[in-house]
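Inside the fold
As a plain string of letters, each chain reads:
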Amino acid sequence: MSMSIKWAALAQTAGVSFAVTVAVVTVFSVGVLALSRREAALEAGQDGAPGAGAGKGGLALASVCFAVCAAVVLYGLSLIAG
Amino acid sequence: MEHITFLVAVVIITALAFDFTNGFHDTANAMATSIATGALKPKVAVTIAAVLNFAGAFLSVKVASTISGGIVNEKAGIQPSIIFAALVGAILWNLLTWLRGLPSSSSHALYGGLIGATVVGVGMNGVNFATVLSKIVIPAVASPIVAGLAAWGATKLAYRLTRNTDEKTSDKGFRKGQMFSASLISLAHGTNDAQKTMGIITLTLVSAGALHKGATPPVWVIASAGAAIALGTYMGGWRIIRSMGSGLADIRPPQGLSSETAAATVILTSSSMGYGLSTTQVCSGGIMGAGLGGRNPRLNWGMARRMVYTWGLTLPAAAVVSGLAALVVDQGTWGVVLVGAALVVGSGAMYLVSRRQPVHAGNVNEVTPVDATVAAETVETVEVTPAGTTTTPTAASTTVAA
């Protein structure tokens, strides 16, 4: 019985899993953060102009973040179907 | 010939029954934390999980050509009788752990069953123990730890990044994200686990000469395997959902998203690397990590310990039950009937015991764990006499169960 456990492959799988998880959740959290900044800005800026700019920037950042997460989910789907 | 057809029919029905228990045992994996954080209403969650499990069954038949991934030597002697015995052990272990509200691996139960039945039916040389170690045991130990660490780190970061935001707003965002992460787990589960049942039915049909060698699963096999796992998923293993969603830790939306993302990532990375790991263990590991990474780190260590013991026991326990079943099945048609009857009686008995303390969509988020002492007495009846000598207390209830 020859034992050939590929420790390197195991470590690589573990490392990639860890990195991807932390990266995705970080990007998603930034998106959530941007969205809630935007809401706060919109509330504060209801009577004055300065809030509107922050609101737009927040929306743009949030959109990018969620788009990145959506792309990761699509890649996950392709892994499942592949 | 008549004997073979009977056995093949029994194997197909039993395989679908296993698929069903697999579904309801594993609903919790994808949906427990989504239900606990309120991202999805319980009934909605199980419906989504069921639909995605069914859809997942149609996505791929890649692994359906092998049921064991090289763990047992399928060419040497995988007879329908061995597969039947393996399924019996796996189903009984799945039901027993469900009764006690413990998330255990359906795949390990099936592998254990195959190993036990093969050792009895073919001999030690029928099992490739090196593959068992490198493809099952090591990933089984490593994957929950990796998922736990990743979920822990992700939870920490998620809390840190959103610390100055209004919790209500950010929770809403994390709950939305959970819908996607949970759905991805459900789909991956349907693809992986439904294929195991397809593989079993297809190999049985091949060994009976109904299909030619190397045939891919016929459409009716794919559809029935998908339907069985979806139905099981829809029934919702509420006992296990409660243990995983509320029993381990108080899971808030950022933790739910982190643990589900970790689980989905580990499952997809590992399966593309060819490791047959357990969805259940990965998801539980993720939840434990997320629980410890939260604002007030807290984990129900008693529950965690029970889960880990169960993981360790799953493979050997299913192997012992299936080994005994294989001994009886080898005796011929009456053996098959006897084991089949024992399976029905055992399953019915466990269902009846579960009625004493029902867990359902309405009370799934309560924290009271399912009482272990209620189940303790059945542990003996079922585990010790799996292969059939029907014990008196269960015999009385068979008519109701069947």
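Calculation rules
- Residues take numbers from 1 onward in each chain, read along the sequence in its written order.
- Written order determines the labels here, with chains lettered from A and ligands numbered from 1.
- Residue-level local features of this predicted model are given only where pLDDT is at least 70; pairs of side-chain atoms are given and counted only at 80 or more, and the full residue set underlies all totals for whole chains, interfaces and linings.
- Only heavy atoms go into the side-chain values, all of them from the structure, while hydrogens and water stay out.
- The helix and strand labels rest on DSSP assignments: H or I over at least four residues marks a helix, E over at least two residues marks a strand, and numbering proceeds from the N terminus.
- Type-normalised accessible area, obtained with a 1.4 Å probe on protein chains alone, sets the label of each residue: buried when under 20%, exposed when over 50%, and partly exposed for intermediate values.
- In this analysis, two residues are considered to be in contact whenever any of their non-hydrogen atoms come within 4.5 Å of each other.
- Methods summary: accessible areas were calculated by the Shrake-Rupley approach with a probe of 1.4 Å, and residue burial reflects only the protein chains presented.
- Put simply, a nonpolar core is a bunch of buried Ala, Val, Leu, Ile, Met, Phe, Trp, Tyr and Cys residues held in one set by side-chain atoms that sit within 4.5 Å of each other.
- Between N-to-C directions, angles cover 0 to 180 degrees, with each direction set by a line fitted to C-alpha atoms, over the stretch in contact for helices.
- Less than a right angle of anticlockwise turn of the near helix away from the far helix marks a crossing as left-handed, whereas a clockwise turn marks it as right-handed.
- Throughout, disulfides are identified as pairs of cysteine sulfur atoms within 2.5 Å of each other.
- When a carboxyl oxygen of Asp or Glu lies within 4 Å of a side-chain nitrogen of Lys or Arg, that pair is called a salt bridge.
- Here the buried area means the combined drop in accessible surface, using a 1.4 Å probe, for two parts upon being joined, counting both sides.
- Whenever two N or O atoms come within 3.5 Å, that pair is a polar contact, provided that in protein one can donate a hydrogen and the other can accept it, and provided that, for residues adjacent in sequence, both atoms are side-chain atoms.
- Any residue outside Ala, Val, Leu, Ile, Met, Phe, Trp, Tyr, Cys, Pro, Asp, Glu, Lys and Arg is labelled polar, Gly included; the first ten of those are nonpolar and the last four are charged.
- Each patch is assembled from residues with relative accessible area greater than 30% and no salt bridge, linking like charges that lie within 9 Å and nonpolar side chains (Val, Leu, Ile, Met, Phe, Trp, Tyr) that lie within 5 Å.
- Each Phe, Tyr or Trp ring, with Trp reduced to its six-membered ring, pairs with another whose centre is within 6.5 Å; inter-plane angles below 30 degrees give stacked pairs, above 60 give edge-to-face pairs, and intermediate values give tilted ones.
- Residue-level confidence of the predictor is what pLDDT reports, using numbers from 0 through 100.

With that settled, the discussion passes to the overall build of chain B. If you tally the helices and strands in chain B, you get 16 helices and zero strands. For chain B, with 402 residues in total, the buried portion stands at 61%. For chain B, long-range pairs separated by at least 24 residues make up 85% of all intrachain contacts whose partners lie at least 6 apart in sequence. When the accessible surface of chain B is split by element, carbon and sulfur atoms take 65% of a total near 15,000 Å².

Among the nonpolar cores identified, the biggest contains 101 residues, and Met31(B), Phe84(B), Leu87(B), Met244(B), Leu248(B) and Met307(B) are the most heavily contacted of them. Residue contributions to this core peak at 15 residues, all from helix H4 (residues 80-99) of chain B. The contact partners of Leu248(B), leaving out residues within four places of it in the chain, are Ser243(B), Ser284(B), Ile287(B), Met288(B), Arg298(B), Leu299(B), Asn300(B), Met303(B), Ala304(B) and Met307(B). Residues Val25(A), Phe28(A), Cys69(A) and Ala158(B) belong to the second largest nonpolar core, which totals nine residues.

This part covers the environment of Val68(A). Residues and elements named next belong to chain A. Looking at the secondary structure, you find Val68 in helix H2 (residues 50-81). For Val68, a relative accessible area of 39% corresponds to the partly exposed category. Each C-alpha atom of the pair Val68 and Val27 lies 7.7 Å from the other, and the pair is 41 residues apart in sequence.

Residues and elements named next belong to chain B. Closest axis-to-axis distance for the helix H6 (residues 129-161)/helix H10 (residues 253-272) pair is 8 Å, and the angle between their directions is 140°. The handedness of the crossing between H6 and H10 comes out as right-handed. Residues Ser143, Val146, Ala147, Ala150, Ala151, Ala154, Thr155, Ala158 and Tyr159 of H6 touch H10, and the partners they reach there are Pro254, Gln255, Ser258, Ser259, Ala262 and Val266.

The next thing to look at is the state of the cysteines. Applying the stated criterion across every chain yields a total of zero disulfides over all chains. Cysteine Cys69(A) shares no disulfide, and the gap to the nearest cysteine sulfur, in Cys65(A), comes to 7.0 Å.

Further remarks concern the pattern of salt bridges. Residue and element names in this part refer to chain B. Here the structure, examined in full by the defined rule, presents two salt bridges over all chains. The closest approach of N and O atoms between Glu167 and Arg295, which form a salt bridge, is 3.3 Å. In this pair, Glu167 is assigned in helix H7 (residues 167-207) and Arg295 in the loop between helix H11 (279-293) and helix H12 (301-329), connecting sequence segments 128 residues apart.

What follows is about helix H9 (residues 238-247) of chain B. By the criterion of burial, H9(B) is predominantly enclosed, with 10 of the 10 residues buried. Here H9(B) has its buried residues at Trp238(B), Arg239(B), Ile240(B), Ile241(B), Arg242(B), Ser243(B), Met244(B), Gly245(B), Ser246(B) and Gly247(B).

Below, the discussion takes up the environment of Met124(B). All names here are of chain B. By the secondary structure assignment, Met124 is in the loop between helix H5 (106-121) and H6. Its relative accessible area of 53% is what places Met124 among the exposed residues. A C-alpha to C-alpha distance of 9.8 Å links Met124 and Val72, two positions 52 residues apart in sequence. Apart from the residues within four sequence positions on either side, Met124 is in contact with Val119 and Phe129.

This brings us to the interface of chain A and chain B. Chain A puts 34 residues into the contact, and the matching count from chain B is 39 residues. Of the roughly 3,000 Å² buried between chain A and chain B on both sides combined, carbon and sulfur atoms contribute 82%. Considering only the surface of chain A that becomes buried against chain B, Thr21(A), Val25(A) and Ile80(A) emerge as the three largest contributors, covering 19% of it. Taken together, the links from chain A to chain B amount to zero salt bridges. Our count for the contact surface shared by chain A and chain B stands at one residue pair in polar contact (both at pLDDT 80 or more). Elements supplying a minimum of two residues to the side of chain A that touches chain B: helix H1 (7-44) and H2 of chain A. Here the side of chain A that touches chain B takes 22 residues from H1(A), the largest share from any one element. Partitioning the side of chain A that touches chain B into residue classes produces 22 nonpolar, 10 polar and two charged.

As a further point, take a nonpolar patch on the surface. There is a patch of nonpolar side chains on the surface, built from Phe18(A), Val137(B), Val141(B), Ile145(B) and Leu149(B) and spanning about 440 Å² of accessible area. If one sorts the elements of the nonpolar patch by residue count, H6(B) sits on top with four residues. You can see Ile145(B) is positioned in helix H6.

Counted under the stated rule, the structure contains five aromatic pairs over all chains. Taken together, a centroid distance of 6.0 Å and an interplanar angle of 40° make the contact between Phe28(A) and Phe174(B) tilted. Taken as a pair, Phe28(A) in helix H1 and Phe174(B) in helix H7 lie in two separate chains rather than in one. Here Phe54(B) and Phe58(B) contribute two aromatic rings whose centre-to-centre distance is 5.2 Å and whose plane-to-plane angle is 65°, an arrangement assigned as edge-to-face. Of this pair, Phe54(B) and Phe58(B) both sit in helix H2 (residues 42-59), four residues apart, which is roughly one turn of that helix.

Moving on: the side chain of Thr27(B). Residue and element names in this part refer to chain B. Counting through the fold element by element, Thr27 comes out in helix H1 (residues 2-37). Thr27 gets classed as buried once you look at its relative accessible area, which sits at 2%. A distance of 3.1 Å separates a polar side-chain atom of Thr27 from the backbone oxygen of Gly23. Aside from chain neighbours lying at most four places away, what touches Thr27 is Ala32, Val46, Ala49, Gly232, Thr233, Gly236, Gly237 and Ile241.

To continue, consider the confidence of the model for chain B. Scored by pLDDT, chain B has a mean of 84; 87% of the residues are at 70 or more. Confidence drops under a pLDDT of 50 for residues 372-402 of chain B, and excluding neighbours within four residues, the segment shows 39 contacts in the predicted structure.

A few words on the side chain of Thr265(B). Tracing the sequence through the fold places Thr265(B) in helix H10. Note on Thr265(B): relative accessible area 11%, which makes it buried. Excluding anything up to four places from it in sequence, Thr265(B) contacts Ser17(A), Val20(A) and Thr21(A).

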